[in-house]
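Examination of the molecular architecture
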Amino acid sequence: AMSLTVASCIVTVGKLLTKALFPSTSALPMISAVTVLSATLFPAFFQKLSFTGTSVGVIFMQMFFAASGAAGSIRLVIQQAPSLFLFSLMQVAIHFGSLMCIGRGI
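Parameters at a glance
- Residues numbered from 1 in each chain as written.
- Predicted model: local features only at pLDDT ≥ 70, side-chain atom pairs only at ≥ 80, totals over all residues.
- Heavy atoms only, no water.
- Core = buried A, V, L, I, M, F, W, Y, C linked by side-chain atoms within 4.5 Å.
- Buried < 20%, exposed > 50% of the residue type's maximum accessible area, 1.4 Å probe, protein only.
- Helix = DSSP H or I, 4+ residues; strand = E, 2+ residues; numbered from the N terminus.
- Contact = heavy atoms within 4.5 Å.
- Phe/Tyr/Trp six-rings, centres within 6.5 Å; stacked < 30°, edge-to-face > 60°.
- Axes fitted to C-alpha atoms, helices over the stretch in contact; angles between N-to-C directions.
- Parallel < 35°, antiparallel > 145°, perpendicular 65-115°, else oblique.
- Left-handed = near helix turned anticlockwise from the far one by under 90°.
- Nonpolar A, V, L, I, M, F, W, Y, C, P; charged D, E, K, R; others polar.

1. Quick word on the nonpolar core
Listed in full, the 7 residues of the largest apolar core are V6, I10, A27, M30, I31, V34 and L49. Among the secondary structure elements, those contributing two or more residues to this core are α1 (2–21) and α2 (28–41). With 3 residues, the top contributor of residues to this core is α2. When sequence neighbours within four positions are dropped, the list of residues in contact with A27 reads K15 and T18.

As structure tokens, this is what we get:
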């Protein structure tokens, strides 16, 4: 709960600062700056949030990839950008191979 509360506060502060200082731009750079500044100024506090924050972050990242990939079409990517498809296929294959080799070694 604390990690989500702190994250929500940081996002709100970043959005408010963006609206006040740069009203026509995206809030993401300011949110990133507020996050880095907060973690730099209060490292002990953010260290306590590290474990739960990482877990929540991984879950949200997986949901983002699932949602963005759900609208994709492999056939369309192969037709429009075959080099991108081959690059992605190579990444997945290397990642899978590395995990299998490391997993067997452990």
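2. Describing the environment of F46
With respect to the element layout, F46 can be found in helix α3 (residues 43–48). Here the alpha-carbon distance between F46 and V6, two residues 40 residues apart in the chain, equals 9.4 Å. In this structure, F46 is in contact with V6, I10, S38 and A39, ignoring residues within four places of it in sequence.

3. Quick word on the packing of aromatic side chains
Counted by the stated rule, this structure contains 2 aromatic pairs. Judged by centre distance (5.3 Å) and plane angle (85°), the ring pair of F45 and F46 falls under edge-to-face. A relative accessible area of 36% means that F45 is categorised as partly exposed. Taken together, a centroid distance of 5.5 Å and an interplanar angle of 55° make the contact between F64 and F65 tilted. Judged by its relative accessible area of 47%, F65 falls in the partly exposed class.

4. Comments concerning the side chain of S38
Structurally, S38 can be placed in helix α2. Judged by its relative accessible area of 15%, S38 falls in the buried class. Excluding its chain neighbours within four sequence positions, the residues that come into contact with S38 are I10 and F46.

5. Quick look at the packing of α1 against α2
Taken N-terminus to C-terminus, the directions of α1 and α2 make an angle of 125°; their axes are 8 Å apart at the nearest point. Classified by the angle their axes make, α1 and α2 are oblique. Where α1 crosses over α2, the handedness of that crossing is right-handed. Contacts from I10, V11, V13, G14, K15, L17, T18 and L21 of α1 reach α2 at M30, I31, V34, T35 and S38. Its residues assigned to classes, the contact of α1 with α2 shows 8 nonpolar, 4 polar and 1 charged.

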